[in-house]
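Commentary on secondary and tertiary structure
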Amino acid sequence: MTTVNLRSDLESLPAYKPGRAPVHDGQVLHKLSSNENPFPPLESVQTAIGATIGEVNRYPQMAAHELAAAISAKFDIDPESIALGSGSVEIISQLIRAVAGPGDEVIYAWRSFEAYPLLTVAAGARGVGVDLDSDYRHNLPAMAAAVTDRTRLILVCNPNNPTGTTIARRELEEFLESVPRSVAVVIDEAYVHFDRDPESPDGVDFFRRHPNVIVAHTFSKAYGLAGLRVGYAIAPPKIATALRKVALPFGVTTLAQVAARASLMAEKELQTRVDTLINERLRVASALRSLGIAVPDSQANFFWFPFGKDTNDSVKTFEKHGVLSRAFPEDGFRVSIGDKVANDAIIAAATELSTL
Ligand SMILES: *Cc1c(COP(=O)(O)O)cnc(C)c1O
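Structural notes, computed from the coordinates. Remember, predicted model here, so these are calculated numbers, not experimental data.

A short note on the packing of aromatic side chains
Aromatic ring pairs: the centre-centre distance and the angle between the two ring planes describe each pair. Enumeration according to the criterion identifies 14 aromatic pairs in this entry. Pairing Y108 with Y116 gives two aromatic rings, centres 6.1 Å apart and planes at 40 degrees, and the pair type is tilted. Grouping residues by exposure puts Y108 and Y116 together as buried. Summarising the aromatic geometry, the rings of W304 and F328 are spaced 5.9 Å apart at their centres and angled 50 degrees between planes, so their arrangement reads as tilted. Pair noted here: W304 is in strand 11 (residues 302-305) and F328 is in strand 13 (residues 326-328), with a separation of 24 residues, a long-range link. Given the relative accessible area of 2%, W304 is considered buried. With relative accessibility at 6%, the residue F328 sits in the buried group. Pairwise contacts between aromatic rings join F75, F219, Y223 and Y232 into one cluster. Residue placement shows R209 over the ring face of F206; its charged tip is 4.7 Å from the ring centre.

Describing the site of the ligand
Around the ligand, 13 residues are found, and the nearest of them are S88, Y191, T218, S220 and K221. In this structure, an oxygen atom belonging to the ligand sits 2.6 Å away from a side-chain N or O atom of S220. The contact in question runs from an oxygen atom of the ligand to an N or O atom on the side chain of R229, over 2.7 Å. Against a free-state accessible area of 380 Å², the protein chains account for coverage of 95% of the ligand. Residues of the shell around the ligand, tallied by class, amount to five nonpolar, five polar and three charged.

Here's the deal with the packing of helix 1 (residues 43-50) against helix 9 (residues 254-265)
Interhelical geometry of helix 1 versus helix 9 gives an angle of 150 degrees and a closest axis separation of 9 Å. As far as their axial angle goes, helix 9 and helix 1 are roughly antiparallel. The two elements helix 1 and helix 9 meet at a crossing, and its hand is right-handed. Two secondary-structure elements touch here, helix 1 through S44, V45, A48 and I49 and helix 9 through L255, V258, A259, A262 and S263. Its residues assigned to classes, the contact of helix 1 with helix 9 comprises seven nonpolar, two polar and no charged.

Focus: the sheet that holds strand 14 (residues 332-336)
As summarised here, the arrangement of the three strands in space is 11-14-13, forming an open sheet in which the pairing is antiparallel. The open sheet has two free edges, formed respectively by strand 11 and strand 13, since each of these has just one partner strand. Recorded for the sheet is a direction-independent mean angle of 15 degrees between the axes of neighbouring strands. As defined by bridge partners, strand 13 adjoins strand 14 across three bridges and the pair is classed as antiparallel. When the sheet's bridge partners are listed, F328 is paired in strand 14 with G332. Each of strand 11, strand 13 and strand 14 touches helix 11 (residues 311-320); the most contacted strand, strand 14, lies at about 25 degrees to it.

A look at the environment of P141
Relative to the helices and strands, P141 is located in helix 5 (residues 140-145). Residues P141 and V179, spaced 38 residues apart in sequence, show a C-alpha to C-alpha distance of 10.0 Å.

Focus on the side chain of S112
The residue S112 is located in the loop between strand 5 (105-110) and helix 4 (115-122) in this model. Side chain to side chain, S112 and N160 meet in a polar contact 2.6 Å long. In this structure, S112 is in contact with C157, N160, N161 and P162, ignoring residues within four places of it in sequence.

Some thoughts on the pattern of salt bridges
Any two side chains of opposite charge can pair if their charged atoms end up close together. Taken as a whole and assessed by the stated rule, the structure comprises 20 salt bridges. In this structure, R152 and D104 form a salt bridge, with 3.4 Å as the shortest nitrogen-oxygen distance. Taken together, the residues R152 in strand 7 (residues 151-157) and D104 in the loop between helix 3 (88-99) and strand 5 connect sequence positions 48 residues apart. By relative accessible area, D104 is classed as buried at 9%.

What counts and what doesn't
Once a new chain begins, its residue numbering starts again from 1 and follows that chain's sequence as written. pLDDT decides what is reported in this predicted model: residues at 70 or higher carry local features, side-chain atom pairs at 80 or more are listed and counted, and totals for whole chains, interfaces and linings draw on all residues regardless. Hydrogens and water are ignored here; the side-chain numbers use all heavy atoms of the structure. Ring geometry is summarised as follows: Phe, Tyr and Trp rings, the Trp one being its six-membered ring, pair when their centres sit within 6.5 Å, and such pairs are stacked at plane angles under 30 degrees, edge-to-face over 60 and tilted between the two. Only protein chains enter the accessibility calculation, which uses a 1.4 Å probe; a residue whose area is less than 20% of its type maximum is buried, one above 50% is exposed, and one in between is partly exposed. Secondary structure counts use DSSP, requiring at least four H or I residues in a row for a helix and at least two E residues in a row for a strand, with both numbered from the N terminus. As a reminder, the over-ring test applies to NZ of lysine and CZ of arginine, requiring each to be within 6 Å of the ring centre and within 35 degrees of the ring normal. Here a residue is near a molecule or strand as soon as one of its heavy atoms is found within 4 Å of it. In the analysis that follows, any N or O atom pair within 3.5 Å is treated as a polar contact, provided that within protein one partner can donate a hydrogen and the other can accept it, and provided that, for residues neighboring in sequence, both atoms belong to side chains. Residue burial considers only the protein chains on display, and all accessible areas are found by Shrake-Rupley using a 1.4 Å probe. All residues other than Ala, Val, Leu, Ile, Met, Phe, Trp, Tyr, Cys, Pro, Asp, Glu, Lys and Arg, Gly among them, are scored as polar; the first ten of these are nonpolar and the last four charged. Every angle, taken between N-to-C directions, lies between 0 and 180 degrees, and every axis is a line fitted to C-alpha atoms, over only the stretch in contact when it is a helix. In this scheme, roughly parallel covers angles under 35 degrees and roughly antiparallel covers those over 145, while 65 to 115 is roughly perpendicular and the rest are oblique. By convention the crossing between two helices is left-handed if the near helix lies anticlockwise of the far one by an angle smaller than a right angle, and right-handed if it lies clockwise. Contact between two residues is taken to exist if any of their heavy atoms lie within 4.5 Å; hydrogens are not considered. A pair of strands is labelled paired if DSSP reports no fewer than 2 bridges between them. We define a salt bridge as a side-chain nitrogen of Lys or Arg found within 4 Å of a carboxyl oxygen belonging to Asp or Glu.

Okay, structure coming up:
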């Protein structure tokens, strides 16, 4: 037993549980639990990574200026407004630590991304989860009403993980009208490439028009670089500067920087893969609908099964069909869209569920 005094507020956090290996009773499971891109990196991206391997005895560029320049060119934004992180999880962590401390409040929808409460408590701040509405969407008026004089930051996840639902431009506009300008509003667009809802807000457009809006993007999902860890914020320069101050030094590796730049240059090819995944999402959605299984409309690369007390049994049925999903006991489970074979297994598992 250690004799070291740990922070007592950490006791409220669950300890990290390693994910189950994707093998079950000798059967290879489809790992559909982390919303990963099922496609390996493009040839051009693999080549760029390979060409850089011989340089990893050196530290990475601290400011990742070439990658920041490529991102700023893509959006036509001042490079000063780009801050990089080791995945957008680190970006969100930087944001919370840059604006909130002990006693301060961070508001997010619930259920939303599991990392939000963890990162909030790790920063010493207090998380305020605001229930989703009955359609599993952000309840933006309720989130605005939850603002107090201790609120420092609000996280808006669009599309929302794990429900796949989106908010509308007009709703976000009204929300920003009612939130004090001193409160940071983060639009987490981890799944933006999968969003085909014409009503959805374009986070970058909101960033251009609102001085308290920050957009978080990642290379982990549509770009398929989850294992390399790179994401970025688009933020007003003063905030981006603060993010660089609290960032993990050298948190974005050379390989991650190079792979992200190569991915930005191959955006057309990547979008073709995203289109394939969206078509698979539509195929699975219509199969679920014809089975009478009610899942919320998803604009992301996953589906939310809000099965409450039936969650554990349903997850077992999916495992029987080789599908590893992400379960939130007593609430629901999330299944990512994979390749065609994996998605056929989703449909087979759902078919069994519908006949139980
Ligand atoms: C996956 C995900 C992220 C980003 O993860 P990183 O791999 O750290 O870039 C951010 N927000 C949400 C909601 C996500 O689901």
